[in-house]
Amino acid sequence: MKSSYSIKESKDRYNFTYSGDLGEATEKAKKDLKKEKENPDIPYWIWIKSRAEKAINAHNNRIRRIQAFIDCAERHLKAEKEEAKTENE
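Residues numbered from 1 in each chain as written. Predicted model: local features only at pLDDT ≥ 70, side-chain atom pairs only at ≥ 80, totals over all residues. Heavy atoms only, no water.

(A) Seen up close, the side chain of S3. Tracing the backbone shows S3 in the segment before strand 1 (4-9). Classification of S3 by relative accessible area gives buried; the value is 10%. A distance of 2.8 Å separates a polar side-chain atom of S3 from the backbone nitrogen of D21. Other than its neighbours up to four places away in sequence, S3 contacts S19, G20, D21, E24, A25 and K28. (Helix = DSSP H or I, 4+ residues; strand = E, 2+ residues; numbered from the N terminus. Buried < 20%, exposed > 50% of the residue type's maximum accessible area, 1.4 Å probe, protein only. Polar contact = N/O pair within 3.5 Å; in protein donor to acceptor, adjacent residues only side chain to side chain. Contact = heavy atoms within 4.5 Å.)

(B) Fine view of the packing of aromatic side chains. All chains considered together, the criterion is met by three aromatic pairs. One aromatic cluster in this structure is built from Y44, W45 and W47. (Phe/Tyr/Trp six-rings, centres within 6.5 Å; stacked < 30°, edge-to-face > 60°.)

(C) Region of interest: a nonpolar patch on the surface. Among the surface-exposed residues, I42, Y44, W45, I46 and W47 lie close enough to one another that they form a single nonpolar patch of about 580 Å² accessible area. Inspection of the secondary structure assignment puts I46 in helix 2 (residues 42-88). (Patch = residues over 30% accessible without salt bridge, like charges linked within 9 Å, V, L, I, M, F, W, Y side chains within 5 Å. Areas by Shrake-Rupley, 256 points an atom, 1.4 Å probe, with all protein chains shown as cover. Salt bridge = Lys/Arg side-chain N within 4 Å of Asp/Glu carboxyl O.)

(D) View of the pattern of salt bridges. For the structure on display, the rule yields three salt bridges. In this structure, the salt-bridge partner of E27 is K30, at a minimum N-O distance of 3.7 Å. With E27 and K30 both in helix 1 (residues 22-37) and three residues apart, the pair spans about one turn of that helix. Accessibility expressed as a relative area gives 42% for E27, which makes it partly exposed. Under the relative-accessibility criterion, K30 is labelled exposed at 51%. E53 serves as the salt-bridge partner of K49, at 4.0 Å between the closest nitrogen and oxygen. Highlighted residues: K49 and E53, both in helix 2, separated by four residues, approximately one helical turn. Judged by its relative accessible area of 42%, E53 falls in the partly exposed class.

Structure follows, in structure tokens:
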């Protein structure tokens, strides 16, 4: 029989179970840990995450700048209309 292990995570703790020999299950867990630490895809995903965060921040900054321009322009237009109205009276 092959040994295996299982890890379930709840809100504030882990629940560990294994079947077969505990030593073999531990060795399998060590191999799995090494494989995960050496996963060649992770640097790519970290790079993608960084690019995505930068793009999202740039997008949000553009929205803030455009909104600030619109607010300023509308105040200016309102002031011009009020000034023109005052001059016509």
